[in-house]
Every structure is written in structure tokens, then in C-alpha cells.
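Summary of structural features
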Amino acid sequence: MSSPSPLLDIDLRPGRPAVLRTGPEPDPPSWAARYGGALRTLVTEHGAVLVRGLGLADAATVGAVCRTLATTLMTEHESFAPRQWHSDGVYSSTKWPPSQPMCMHHELSYALEFPGLMMFACLTAPETGGVTAVADAPTVLAALPRRLVKRFEREGWLLTRTYNDDIGASWADAFGTKDRAAVERYCHAHAIQYAWQSDGTLRTRQRRSAVVHHPVTGRRCWFNQIAFLNQWTMADEVREYLTDLYGPDGLPFNTFFGNGDPIGADVVEILNDAYTSHTVREPWQDGDLMLVDNIRTAHSRDPFEGPRDVLAALADPVRLYDCSPTIEVTAP
């Protein structure tokens, strides 16, 4: 008689993501091959699933598991902070100060092509904090003021970036090349306005849809990084330091309404409060794997203390045009 599927052992509790307990597994890639289809169904159903017990212990095993679970692993472009490359499609977590929270966002939601699936693997859990929390995008959308949502549906949102060699990813890192002509071709192809500055920095602007429809379920999702990349989400001392250093127009990143109007601190507070009210979290344990539907579910990272080694894989690319955006995005 065959043993029952470990996917039946899923723990659903308020305030936590779905937790699937399995293992210990002597061969995690084989487990992923055996149960990958059913696991992906659970991710579609719940938005995110934390798999506990696989015993992921090194980057090579993580890469093998992710390649088994994904249809395609992506190479990241337009990153906002550096990552360490481990293998094709598998990276370190984004380099972000441990004392600063990384607020809710959808990975690469400012790009024309973004991962449909994010996979996070914890090799070393921090002493305290460092949780990768998640929030359901349709629920967050329903919690936002209707007038605000309508404006973002009508106008979209605007992201401005200034790439330099001091803060965040350099333009060479973000675009994967030191060839300016190649960067310009990428910008033209991906509806990004650009301007080279006299000091060698690059400034870009891109307008995107704030609300999309999930390509599988059709559900409307609040899908963007409006709050995370806005100046008012930064700690006061960080914002003041960067403004003094680069000027208000030279911040590494900032967000606006789609027509270019500033987004005030009050709007950012509304957005972050909606995320906070609908955030669920489960502390990492060594060997954990979390799968996140990147369109259905936003994710964040809590501040932490102690070593934290969490790898990330960007998988199964989705085009913005396949998500029924509310605004037309055209090349500059």
C-alpha cells in the first residue's frame, strides 16, 4: 500500500501562510519531481506555501529543487539592489540593511516581464526577525479606498530611478552590461525613458499599471511597488541623508502617480497600513522552502539580527500585457 501524500499535511492557521510539513527528505530534488505538480496547485489555491522539512542545506540542492519546480528560471534585470549570483536563476536575497524592513512588494512589478513564481530557500535562519512575510493582493486591493484605487487604475504609477555606484544596484549591474548602447536598446524595448547625466549616472522613468488581472484566475490584484520604492517609506534619517546627498530629483528610486504628481506621506501610510492589516508570517527555520505566487501575493522582509542566508529564485516569467493592465504602456 502506498503511503499517503505528504501534501495532505498542510497546516492552515490564522496569521500564518499555509505550511506544508514533510521530510526529512534524503533527496529534495526527487521529492520536488514527485510532488511538484500538486505543490504548484496548492500555491495557486493559497497564494503562498511554506514547505518545512525538506532539509535544504546548500545552494546546489536549492538550485536543483527550483529547476525541478519551475517551468523556467529567469535572469534578473532592472534589480533595485545587488544580489549574489549562485547559479542560473538562483540568487542571494536582495542586499538590504538588516536593521531596515523591506516593505511589501511584488518582485519586478515595474518591469514588462516579471516572475510568476518566487521561491525562497532558507539555509541559515537568523537569530531574531528576518521573516519573509506575505500578503494577499486581492484582499489588499479590496481594503484600499475606492477613490485612490480608481485614480491608480486610471493613471497607473510612475517609477523614477537614478543609478549610481554608491546606493543600490549600479546601471551595469541592473542591466547586466557595461555597454551604454545595450542599455539604451533595453530601455527602448521596455518602455523606459532614460537620460545619461554628466557624472555618468543614469536616470530613468517608467509608467506601469498598479492593478492587474491574474493571468490564471482572472482576479484583480494590487500589483506594484508604489509604497516600497517611495521616499516616504524610507526611515526619516535615510531619506534626509539621501536627499542632502543627491537632491530631491536624484534619489535612487521614488514613485509618483502616473501623471507625475507626487505621492504624499498620507497615501503611502494608507498603502502600508493595508498591507500590515493583511500580512501573515512564519519565522524561518533552516532548510525551509517558500513558494510565492508573485502576482497574487506580495512579500516583505522583517529586520533581523544574526546571520541570515536565504536564497531566491525568480521563475516562470509573465508579461504585463497578459495581465490586462489598466493603462497602455508604450515605448518612449
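A few points on the structure. Fair warning: this is a prediction, and the values are worked out from it, not measured in the lab.

The subject of this paragraph is unusual backbone geometry. Here the phi dihedral of Glu78 falls at roughly 65°; this positive angle occurs in a residue that is not glycine. Take Glu78: it is sitting in the loop between α2 (59-69) and β4 (85-87). The exposure class assigned to Glu78 is buried, which follows from its relative accessible area of 0%. Of note in this structure, Leu108 is not a glycine but carries a positive phi near 55°. Here Leu108 is to be found in the loop between β6 (102-105) and β7 (113-124). Leu108 gets classed as buried once you look at its relative accessible area, which sits at 3%.

Before going further, it helps to spend a moment on the layout of surface pockets. To locate leftover empty space, one rolls a probe as large as a water molecule over the atoms. Volume-wise, the largest pocket comes out at about 420 Å³. For the largest pocket, the lining is made up of 20 residues, of which Trp96, Pro97, Met234, Val238 and Phe253 are closest to its centre. Take the lining of the largest pocket: its biggest share by element is three residues, from helix α7 (residues 236-246). Taken together, the residues that form the lining of the largest pocket break down as 15 nonpolar, four polar and one charged.

Here the focus is the sheet that holds β6. Reading across from one edge, β6-β18-β9-β16 is the order of the four strands in this open sheet, with antiparallel pairing throughout. Each edge of the open sheet is held by one strand with a lone partner, namely β6 and β16 (279-280). Of the pairings in the sheet, the one linking strand β9 (residues 134-136) to β16 comprises two bridges and is antiparallel in character. Counterpart to Val134 in the pairing with β16 is Val280.

About the thresholds
Residues numbered from 1 in each chain as written. Predicted model: local features only at pLDDT ≥ 70, side-chain atom pairs only at ≥ 80, totals over all residues. Heavy atoms only, no water. Helix = DSSP H or I, 4+ residues; strand = E, 2+ residues; numbered from the N terminus. Buried < 20%, exposed > 50% of the residue type's maximum accessible area, 1.4 Å probe, protein only. 1 Å grid on protein atoms, 1.4 Å probe; cavity = no way out; pocket = protein on both sides within 12 Å on 5 of 7 lines; lining within 4 Å. Points joined across faces, edges and corners; volume = space filled by probe spheres on them. Nonpolar A, V, L, I, M, F, W, Y, C, P; charged D, E, K, R; others polar. Pairing = 2+ DSSP bridges.

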